[in-house]
Every structure is written in structure tokens, then in C-alpha cells.
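Residues per chain are reported as follows:
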Amino acid sequence: MNKKILANALAFLAANAVCSAPPAMPAAGNASGDAAQKYFNQAVEAVLSGDKATLRKLYDYDILDGITNKEQIAKSLNDLMQRVHSEAKALYRKGEVAKAADRLELTFDFTAYVADKVDHYANTPDRTPEYWIFGWNLPALHMPKNVYISALNDYGLYLIKNNQDAEALRVLQAVISSEPQREIAYLNLANALWHLGRKEEALPYLEKYKQIRAIEEKEATSPKGAIEAVLHVSCTVRPKQLVAAKSPRATGDLAPYLYSIQQEIKSHWQPPKSEKSQSTTLQFDVARNGKVSNAAAVQSSGNPYTQAALKALRDSKLPPLPAEAPDSISLNFVFSYNVLNSTDKEDKAIKQWQAKLAQSKSAENHAGLAEAYENDGDFARARQQLLLAISKSRGAQAKRYEEQLRDDELQIAEANKEIEELGKDSPKGAQRLGIPQAALNNQGANALNNMNYELAIQKFSQALNIDPGYKLARNNLGMVFNNRGIKERSDKNNALLDFHRALLLRTDDTASEANIATSIKSLIKGRDSYELRKNLADSLAAKHDDVGAIAEYRRALEIKDDPKIREPLQQITDRVMSANYSDGQFVIDPK
């Protein structure tokens, strides 16, 4: 390589570099295990305190690549989920419903994100309860189902209380799909549907709740038969691989569209009856005009259920995709035939505490069984166990159980109130839809697809300020920089700035990486190499272009694992993650 050409090119880039940009940290293999653990602990504290600025930096720069201690991480995440859930319930008791929901949402995003990092699994790009559940079920977390399902159900309740019924609907549908025996979720789901003016859909879920409660209150250990099955459907968008040569389209939040097609397909679904629960998952594509193609079963309880699901799909007429959607989408669609039977409800945790009680009728064992019932959504039985625990305890221990008892009694009272309200007419004009960050994301997607980059940056950034873990908005913001860099490639320096930001926002985006490589090669007539990337990173770091320096140091490390450049990369990362560092420059248009 001609060293003079290289020096001139680097001087050109350094002279025009942006001063101080976004926050960052090492990607896969770029940070030591100790550094990754340090940032993990910092992130946990941010979740507990509701520090969205720190969490946004964490996600913007993909800080936690390099985590290795899976057992310690799994324990920390389990403890975090239980602690935040407990604190959210306390906030809810005090009437701070929005804050309670927000804290849980931050925790859901963070735990699923870390599960991706530990298991190295590229998860779905949108912010959905299905994504959270998938992350929690990864082997890295070892998280008991009742721990996160209980928290997710309460999150759905808080959304209802915060007038976000459509969002609650999707959350509670995911709860029931994952744990069909959780009776309180049926009541909460009925409540959300009733608020949305969909009383006819709400009443069957209310009846299922009443039936389960009636059996449990009679302490029936072997009911004569299973409760009638509940037909339940849910769907999620599967990401498609982007092509480097094209300018990808941004994607809006498709939740309202998914709700509509769920109802359409469910209305045509007539599965055969069974005495046990069944499930079928279809994958298919939907074109802009609503036409379905490539339908296939990827999981099924049996051929009759596969055929019933495929027939329901064929008989359905799906509406065209909304304007903010890409030209086509790929879906995973789950058909759940949930047969409810009280004998199925005795989960592992409940049985373990019952066994302990058989050996010792201590306050701790009664309280442990109460908590297991609470996590299972059975607050009436939890109340009975807490009364016994209180009778056997004194002092601080008794006060703790009394506070837990008040939580359960509040849940029971609210359930009774909801049952009473659901017997009345549905509220008029109560079509409360969506969440503010989804609306901002959709506005940003429309702006990006119309090549209004300044407005798109503004809207996506606003969405991420509300919800730092909103992966769909983050990927879309990466598309802004990627597409603008492609369009303005004649301005080599600014194009490179955009590609660096795109790469950090969308770390799995091979399109951005290819565009960066092409941009550098067009400036420097030489082969991509470790020395080229290292020298460029050093130059950018000297000018405080943290975004470009981080991207180039990481690329250099991919080519050659050299400890010499880990130190400057670590220094930049430490500065970025410090409390007084703002990542506001990350989304400010440099032009």
C-alpha cells in the first residue's frame, strides 16, 4: 500500500471528523470478561434505578458482548427480575402505575438482550412480549417460568390501568399462550377486551376464569372432566435478511395490523376437539396486497391440527399491509387449543413447597407456598397460606408477610371489581390503542421511507428515549444512517460517519459493514487490513470521534486479535459509559 496515500486519506478523515459522538463499548471479543462484568453490573443498577440514559448507551454501543460467566449472569438476572417485580408491585400499591409498568418493561428488555448475548442468538428485531419470553426460555437464563410469567401478567394489568389496553392485550395473550392454566390472566385479558369495546370477545375469557376459580375453591382434586378448551392465537414478525446493494425500508410497529389478522384467522379456525391441549405453529409470508404465500407448519401436535390451521389461513381474507410496513412480511402464527384442568395447575414450585410443609409447618414454608401460589396467579390460596405464616411469626418477619397479604387482598378485591364491571355494557369510545414509542417509530419509518432523514432521526430518537430497549426503533435508526450514507456516497467523509453509526446501532447488519469497507476502499486504493483499520481508528480517536474509533477498533480486532488496541478501545468505552457522558451527539445530524 502507498503509505503517502494512506497518510493523506487519514489526515482528510481526521480533519473532518465529528467531535465527540455516541457512547460505546467493545463488541464480541473486544472486551475482557472483567470489563463486560463491570458494565453488566452498571446496567443492572441502571435498570433498578430507571436510568434510561445509561441503558440507551448500553444498547447503542452493544456494550455487553464478551460476557462469559453464564451461571453468575443467570443468577443475577433471576434476582433482578424478582426484585423489580416486587418493587413494581409496591409502586402499584402507591398508585404509581405508569412507573411500575416502566420498570418492568426496562427489565424485560434487558434480560432478553443479555440472553441473546450469552447464548449468541440473533433474536427478533421488534419489541414484543413474545421476544421477551423467547429470551427468558434460552438455556442461558435458567429462569423459572412462574417468575417471569407472573411479572408479565402483572405488567399487562398495569398497562390496563394506564389506559394502554391494546398493548395489554398482546402481553396477556402471550401469557396465556405460554401458561394456559394461569387463571388471573384470563380475567385481565377479558378486562382489556372489555375496555376496547369488544364485550363479546371478553365474556368467554371471563367464564373461563370463573370456571377455574369454582373448581379450585371446591378443592377438587379430580374433576369429572376438563374445562372447555379456549382457542387462542398469536403471531410475531420474523426478520428478513437485508441486501447490501439496496436501501432497506424501515418498518413500523405492526401491532394493530397483527391484532386485526389474528381476529380474522381465528374466526375461521375450527380445530378438532381433544381432551388435552394442542398447539400448531405456521410460518407464512404476507404481500403488500394481503396475499398469503409459502405457508408451512413448523411445529404441530398432529396432522389434524395442522390441517385445521392451514384451512383457517386459506379461508381468511387478510387486509393489505399498512403504509409503514415493508413490501412483504414473514410471520410465525401460533394456534393454541388450551384445555384447562385444575389438576394441571400443580406446578413444580407448588409441589416442592407442599412437600416441605408436610415435613414442617413453619412460617417460612407457609410463606414459600404462598409465593408459589402468587406466581401461579392463585391469590385466594396464597392468602390462606399467608394467614398461617403470620400466625406463626413475629416482628419484622410478620410485617413482611402482612405486606404480602395486603398485595394479595388487593388483587382479590380488584378481581371482584373487574368481574362486576364486566357484567355491564362496554365503555363507549374507549378504543385506547398502542404506545407512544410505537407511534413515534411509525412516524420515523414514514419519514425514512420518504427520505426525510432529519425527521426520521428525530422520531426514532424520541422513541428510544422513552424505551431504550425498543429494538425495532434502533434498527430503523441504523437504516437512516445506512441509507443516507448510500445516497450521499460522493461525500466520502460524511458517508463514512453515517456507516459507522449504522454499524454500531445494527451490529448484526452485514450491509452496513460492506458499505463501510467500500467507502474506505474508495478513499484508499489498497486492501482492507488490520493496519489500515488500526491507523484509521487511532486518527479518529485523537479527534474524539468516538463512534468511528469504536467501529474501526472493533473491525481491526476482527481481522487480528491484538491486545495493543484493546487498551485504547477500553478507554473510549469507559469514557462513554461514565455518568457525565451524553450520547446526544449520536443522533444529531452533522451536516
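Now for a look at the structure at hand.

## Re the overall build of the protein chain
Then comes step 1: When you go through the protein chain residue by residue, the secondary structure sums to 24 helices and four strands.
Then comes step 2: The burial tally for the protein chain puts 56% of its 591 residues in the buried class.
Then comes step 3: Working note: accessible area of the protein chain is about 24,800 Å², and carbon and sulfur atoms make up 51% of it.

## Let's talk about the environment of lysine 70
Then comes step 1: For lysine 70, the location among the structural elements is in helix 4 (residues 70–93).
Then comes step 2: The spacing of lysine 70 and valine 118 is 48 residues in sequence and 6.7 Å in space, taken between C-alpha atoms.

## Let's talk about the nonpolar core
Then comes step 1: In terms of nonpolar packing, the biggest core is built from 104 residues, with Leu64, Phe110, Val114 and Trp136 touching the most fellow members.
Then comes step 2: Tallying contributions element by element places helix 5 (residues 97–119) first for this core, with twelve residues.
Then comes step 3: In this view, valine 114 contacts Phe40, Leu64, Ile67, Ile73 and Leu77; residues no more than four positions away in its chain are not counted.
Then comes step 4: Within the second largest apolar cluster, 24 residues are counted, among which are Val233, Val237, Phe284 and Ala309.

## So, the pattern of salt bridges
Oppositely charged side chains can form a pair if their charged atoms are brought close together.
Then comes step 1: Here the structure, examined in full by the defined rule, presents 22 salt bridges.
Then comes step 2: Residue lysine 117 is joined to aspartate 62 by a salt bridge in which the shortest nitrogen-to-oxygen separation is 2.9 Å. Taken together, the residues span a long stretch of sequence, with lysine 117 in helix 5 and aspartate 62 in the loop between helix 3 (52–60) and helix 4 at a distance of 55 residues. Per residue, the accessibility class of lysine 117 equals that of aspartate 62, and both read buried.

## As for the layout of surface pockets
Then comes step 1: Roughly 570 Å³ of internal volume is contained in the second largest pocket.
Then comes step 2: What lines the second largest pocket is a set of 24 residues, among which Ser86, Lys89, Glu371, Glu374 and Gln404 lie closest to the centre.
Then comes step 3: Breaking the lining of the second largest pocket down by element, the ones donating at least two residues are helix 4, helix 7 (145–161), helix 14 (363–375) and helix 16 (395–422).
Then comes step 4: Of the residues forming the lining of the second largest pocket, the biggest block, seven residues, is contributed by helix 16.
Then comes step 5: Split by residue class, the lining of the second largest pocket holds six nonpolar, eight polar and ten charged.

## Quick look at helix 20 (residues 492–505)
Each α-helix turn comprises 3.6 residues. Residues three or four places apart therefore point the same way.
Then comes step 1: Spanning 14 residues, helix 20 covers 20 Å between terminal C-alpha atoms, matching the ideal 20 Å at 1.5 Å per step.
Then comes step 2: Of all the 14 residues making up helix 20, 13 are buried; the element is thus mostly covered by neighbouring parts of the structure.

## Digging into empty space enclosed by the protein
Then comes step 1: Summed over the entire model, instances satisfying the criterion amount to five cavities of 30 Å³ or more.
Then comes step 2: Its volume calculated, the largest cavity comes out at about 60 Å³.
Then comes step 3: Every residue along the wall of the largest cavity is listed here: Lys89, Tyr92, Arg93, Tyr158, Asp407, Leu410 and Gln411.
Then comes step 4: Grouping the amino acids of the lining of the largest cavity by side-chain chemistry returns three nonpolar, one polar and three charged.

## Structural notes on unusual backbone geometry
Then comes step 1: One non-glycine residue, aspartate 62, adopts positive backbone phi at about 50 degrees.
Then comes step 2: Taking the relative accessible area as the measure of exposure, aspartate 62 reaches 5% and is therefore buried.

## Re the side chain of serine 316
Then comes step 1: Looking at where serine 316 falls in the secondary structure, it is placed in the loop between helix 12 (303–315) and strand 4 (328–340).
Then comes step 2: Exposure remark for serine 316: the relative accessible area of 12% places this residue in the buried category.
Then comes step 3: Setting aside residues no more than four positions away along its own chain, serine 316 makes contact with Glu264, Ile265 and His268.

## Points about the packing of aromatic side chains
Then comes step 1: Counted under the stated rule, the structure contains 13 aromatic pairs.
Then comes step 2: What links up through ring pairs into an aromatic cluster is the set Phe108, Trp132, Trp136, Tyr148 and Tyr155.
Then comes step 3: Of note, lysine 356 hangs over the ring of tryptophan 353, and the distance from its end group to the ring centre comes to 4.2 Å.
Then comes step 4: Above the face of the tyrosine 530 ring, lysine 560 is positioned so that its terminal group lies 4.9 Å from the ring centre.

## A few points about the packing of helix 5 against helix 7
Then comes step 1: Packing of helix 5 against helix 7 brings their axes to within 9 Å, and their N-to-C directions diverge by 140 degrees. Between helix 5 and helix 7, the crossing angle belongs to the class labelled oblique. Between helix 5 and helix 7 lies a crossing whose hand is left-handed. Packed against helix 5, whose contacting residues are Val97, Ala100, Ala101, Leu104, Glu105 and Phe108, the element helix 7 presents Ala151, Leu152, Tyr155, Tyr158 and Lys161 at the interface.

About the thresholds
Residues numbered from 1 in each chain as written. Predicted model: local features only at pLDDT ≥ 70, side-chain atom pairs only at ≥ 80, totals over all residues. Heavy atoms only, no water. Helix = DSSP H or I, 4+ residues; strand = E, 2+ residues; numbered from the N terminus. Buried < 20%, exposed > 50% of the residue type's maximum accessible area, 1.4 Å probe, protein only. Areas by Shrake-Rupley, 256 points an atom, 1.4 Å probe, with all protein chains shown as cover. Core = buried A, V, L, I, M, F, W, Y, C linked by side-chain atoms within 4.5 Å. Contact = heavy atoms within 4.5 Å. Salt bridge = Lys/Arg side-chain N within 4 Å of Asp/Glu carboxyl O. 1 Å grid on protein atoms, 1.4 Å probe; cavity = no way out; pocket = protein on both sides within 12 Å on 5 of 7 lines; lining within 4 Å. Points joined across faces, edges and corners; volume = space filled by probe spheres on them. Nonpolar A, V, L, I, M, F, W, Y, C, P; charged D, E, K, R; others polar. Expected span 1.5 Å × (residues − 1). Phe/Tyr/Trp six-rings, centres within 6.5 Å; stacked < 30°, edge-to-face > 60°. Lys NZ or Arg CZ within 6 Å of the ring centre and 35° of its normal. Axes fitted to C-alpha atoms, helices over the stretch in contact; angles between N-to-C directions. Parallel < 35°, antiparallel > 145°, perpendicular 65-115°, else oblique. Left-handed = near helix turned anticlockwise from the far one by under 90°.

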